[in-house]
Amino acid sequence: MSRLEEPPQENWLRGVDGKGRIALGNLGLTTTGNLVAHFPRRHEDRTRFDRFPAHPTETALCLHALVIDTGQRFMQGKKRFFEATVEDPSGLSMAGRLVLRWFNMPYIGKIIAVGQELILYGKVRQSGRRLVMDHADFEIVDEGGEGSGIHMERIVPVYPLTSGLQQRHLRGVIHAALSGMQDADFPDLIPPHSSRTLGHPIHRAWAVREAHFPTSWESLKIARRFLALEEFTALQIHLLLRRAEYERLGRGSSHCGPGILLEDFYAKLPHTATGAQLRAVAEIRQDLASTRPMNRLLQGDVGSGKTLVATAAMLLAVEAGYQTALMAPTQILAEQHFQNLKELLSPLGVRVGLRTSGRREDSFDPLFAGADQAQILVGTHALLHGAEPFEKLGLVVIDEQHRFGVNERSRLIAMGETPDVLVMTATPIPRTLALSVYGDLDVSILDEMPRGRKRIVTGIREVSKTAAAAAFIRTQLEAGRQAYIVYPLIEESEKIKSQAAKTEFSEWEKRLSGQTCGLLHGRLAAEEKERVMRDFRDGK
């Protein structure tokens, strides 16, 4: 057993109580290797602190402060929050006092007391006539405490935490672990690098120590770059091994028909395919014709025509006598794909089916089609667990591939005999990065928009600007355009603090009064979902 695989030594955990030790386990810090690989989320320069603020700030400040008053305060109704007033402990600052506030966190009142010195990190804003810092990251200064030299008068690491574990305790444990290990305990994964700035070769042991407790900001930058290079190298090796393993599984079969269906499909399109789409189809067609299993990423912005390319690929496989599967991350998206494919491909005699947890539908009647199996099966995770087997799966298309885990993709692929795989994403990835992150995949990029498609413009607004955003949306609706607003949750959750569609829908109806609003989510009945989507398509 290597030193990195051993559990943390008992003397490193001095001062950590039972709850803290449980919290270390919850963070996965059960071995020495896990401990030293738990890198800081940021560093604070405690050799010098920011000046006490006299005005609101756009960026976060790191302050040394003295607590002069505390208390529970009440808002309208019964809601309470804890408030602490602090000032510059040196007494030299001309700035006034700063108010710290924590909402829905009553336990803070048991931690912070008058007379304590705090290290604070957060943004300062104006609230009435006062300067406030809400939900500040804080740490109590204990100048006489054991190991206080690692908490002050240096560049100090700030680590990701969990309930039951204090920042200074975790900092002390990791410092003790690094101090108790030899350079030989950190085997180099890549050859050591020479550095003109440092004047000595960079080894992994030095980089890990500096990434935690840097001697300067420059050395921290160099250490992080070294560790990033090491991580990318390990990733590339892993991807190359995975690609070799995929190809070692055995030769697949050719899943490419002569292309008659594809030509009929092109002829019925209301517009001409772009050069980028035709190039991507040609690359996929070459892969489908080969007996080497295809493993290709199709990347393109929203509106670039990925679905057309995927449809062309599925038609080539269908014409060769194989079934294809299109897996979407949500039921609504699966139903949209099914509806579009049914309208496009039913005139070509292609049988399309939908399989989700709440809906099963086919575009054909088995009695008249002379077959009971769909040639293109669209679905969600239900495709993985359905009782309906694939008779001859030749191509798997996965939409928004980052939404699926590796095991889910592997399970779907295993339903065929080495089927070809096409994964799609709208996430904009530079080609060089795509080849790095998806090193086990060949990459096709749609870098051209279909004629008539306008450029996608992305804007960011703070929640406080919701009224202005609603006014902008209203002007667009009055001009005859449409809008849709997406929320991460259907209903509010105690576990996830985020806005929910059902709650916010009534608010948007008020903001956009006089305009027709619809609510769409996965828990609606199939008929209701279809009605809402149809109304939106029809501009109602």
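Numbers given for residues are sequential positions, taken from 1 along each chain in its written order. Two thresholds apply to this predicted model, a pLDDT of at least 70 for residue-level local features and 80 or more for giving and counting side-chain atom pairs, whereas whole-chain, interface and lining totals are computed over all residues. Side-chain measures were taken over the full set of non-hydrogen atoms in the model, leaving aside hydrogen atoms and water.

Draft legend 1. Quick peek at unusual backbone geometry. Of note in this structure, Asn104 is not a glycine but carries a positive phi near 55 degrees. A run of H or I in DSSP becomes a helix once it reaches four residues, and a run of E becomes a strand once it reaches two; helices and strands are each numbered from the N terminus. Its place among the elements puts Asn104 in the loop between strand E4 (98-103) and strand E5 (117-122). Within the chain, His135 stands out as a residue other than glycine whose phi angle is a positive 50 degrees. Looking at where His135 falls in the secondary structure, it is placed in the loop between strand E7 (130-134) and strand E8 (137-140). Exposure is judged per residue with a 1.4 Å probe applied to protein chains only, and the accessible area is read against the type maximum: over 50% gives exposed, under 20% gives buried, and values in between give partly exposed. For His135, a relative accessible area of 37% puts it in the partly exposed group.

Draft legend 2. Quick peek at helix H4 (residues 204-212). With eight of nine residues buried, H4 lies mostly within the body of the structure. Those residues of H4 lying buried are Arg204, Ala205, Trp206, Ala207, Val208, Glu210, Ala211 and His212.

Draft legend 3. Summary view of the sheet that holds strand E14 (residues 376-379). Paired strands, in this sense, are two strands between which DSSP finds at least two bridges. With respect to topology, eight strands assemble into an open sheet ordered E13-E12-E14-E11-E15-E16-E10-E17, the strand pairing being mixed. Of all strands in the sheet, those with a lone pairing partner are strand E13 (360-362) and strand E17 (442-446), marking the two edges. Taken over all neighbouring pairs, the strand axes of this sheet differ in orientation by 15 degrees on average, direction set aside. Where strand E15 (residues 393-398) meets strand E16 (residues 420-425), four bridges bridge the pair, whose relative direction is parallel. For Val396, the partnering residue across the bridge sits in E16 and is Val421. In this analysis, axes come from line fits to C-alpha atoms, helices being fitted only over the stretch in contact, and the angle between any two N-to-C directions falls in the range 0 to 180 degrees.

Draft legend 4. Structural detail: helix H1 (residues 18-26). Buried within H1 we find Gly20, Ala23 and Leu24. The arc that holds every buried residue of H1, seen down its axis, measures 105 degrees, which confines them to one face. Seen from the buried face of H1, the exposed residues on the opposite side, beyond 90 degrees, are Lys19, Ile22 and Asn26. Throughout, a residue-residue contact means that at least one pair of heavy atoms, one from each residue, lies within 4.5 Å. Considering only its buried residues, H1 is in contact with helix H3 (167-179). In protein, a polar contact means a hydrogen-donor-capable atom and an acceptor-capable atom, both N or O and within 3.5 Å, with residues adjacent in sequence counting only if both atoms are side-chain atoms; elsewhere, any N or O pair within 3.5 Å suffices. Regarding H1, its N-cap is Asp17, as a side-chain oxygen of that residue lies 3.3 Å from the backbone nitrogen of Lys19 further along. Once H1 finishes, Gly28 follows within two positions and takes phi at roughly 80 degrees, a positive value. Here the arc refers to the directions that run from the helix axis out to each C-beta atom.

Draft legend 5. Molecular detail of the packing of aromatic side chains. Pairing of aromatic rings covers Phe, Tyr and Trp, the last through its six-membered ring, and needs centres within 6.5 Å; plane angles under 30 degrees mean stacked, over 60 mean edge-to-face, and all others mean tilted. One pass over the structure, following the stated rule, counts five aromatic pairs. On the numbers, 5.5 Å between centres and 70 degrees between planes, the contact of Trp102 with Phe138 is edge-to-face. Here the residue Trp102 occupies a position in strand E4, and Phe138 occupies one in strand E8, the gap between them amounting to 36 residues. Residue classification places Trp102 among the buried residues on the basis of a relative accessible area of 1%. Residue Phe138 is classed as partly exposed on the basis of its relative accessible area, which comes to 24%. Their ring planes at 35 degrees and their centres at 6.1 Å tell us that Phe265 and Tyr266 sit as a pair that is tilted. For the pair shown, Phe265 and Tyr266 are each scored as buried. In this structure an aromatic cluster arises from ring pairing among Phe82, Trp102 and Phe138. Both a distance and an angle decide whether a charge sits over a ring: NZ of Lys or CZ of Arg must be within 6 Å of the ring centre and within 35 degrees of the ring normal. Over the aromatic face of Tyr121 sits the side chain of Arg42, whose NZ or CZ is 3.5 Å from the ring centroid.

Draft legend 6. Expanded view of the sheet that holds E7. Spatially, seven strands are ordered E6-E7-E4-E3-E2-E5-E8 in an open sheet, and the strand pairing comes out mixed. In this open sheet, the two edge strands, each paired with only one partner strand, are strand E6 (125-127) and E8. Going from strand to strand, the sheet's axes swing by 45 degrees on average, the running direction of each strand aside. In this sheet, E8 lies alongside E5 in antiparallel orientation, the contact comprising four bridges. In the sheet register, Leu120 faces E8, and the bridge partner there is Phe138.

Draft legend 7. Region of interest: the pattern of salt bridges. Should a side-chain nitrogen of Lys or Arg be within 4 Å of a carboxyl oxygen of Asp or Glu, the pair is scored as a salt bridge. Considering all chains together, one arrives at 26 salt bridges under this definition. The salt bridge involving Glu44 is made with Arg42; its shortest N-O contact spans 2.6 Å. In this structure Glu44 comes out as buried when scored by relative accessible area, which is 4%. In this structure Arg42 comes out as buried when scored by relative accessible area, which is 13%. Here Arg531 makes a salt bridge to Glu528, at a shortest N to O gap of 2.7 Å. Here Glu528 and Arg531 lie together in helix H16 (residues 526-537), a separation of three residues that amounts to about one turn. Residue classification places Glu528 among the partly exposed residues on the basis of a relative accessible area of 30%. Counted as one network, the salt bridges with shared partners bring together Arg41, Arg42, Glu44, Arg46, Asp137, Glu139, Arg168 and Arg171.

Draft legend 8. A look at the nonpolar core. Residues Phe265, Leu345, Ile376 and Val378 are the most contacted members of the largest nonpolar core, which totals 41 residues. Among the elements of the structure, helix H6 (260-268), helix H7 (275-289), helix H8 (306-319), helix H9 (331-345), strand E12 (352-355), E14, E15 and E16 are those that each provide at least two residues to this core. No other element matches H8, which puts ten residues into this core. Excluding anything up to four places from it in sequence, Ile376 contacts Met314, Val318, Thr324, Leu341, Leu345, Val350, Arg351, Val352 and Gly353. Throughout, nonpolar core names a set of buried Ala, Val, Leu, Ile, Met, Phe, Trp, Tyr and Cys residues whose side chains join them through atoms within 4.5 Å. By size, the runner-up hydrophobic cluster in this structure holds 30 residues, among which are Leu24, Tyr159, Ile174 and Ile222.

Draft legend 9. Spotlight on the side chain of Glu83. Its location among the elements puts Glu83 in strand E3 (residues 80-87). Residue class for Glu83 comes out buried when judged on its relative accessible area of 6%. Here Arg73 takes part through its side chain, which lies 3.3 Å from a polar atom of the side chain of Glu83. In terms of polar contacts, Glu83 uses its side chain to reach the side chain of Arg130, at 3.2 Å. In this structure Glu83 touches Asp69, Thr70, Gly71, Arg73, Val99, Leu100, Arg101 and Arg130, once residues within four positions along its chain are discounted.

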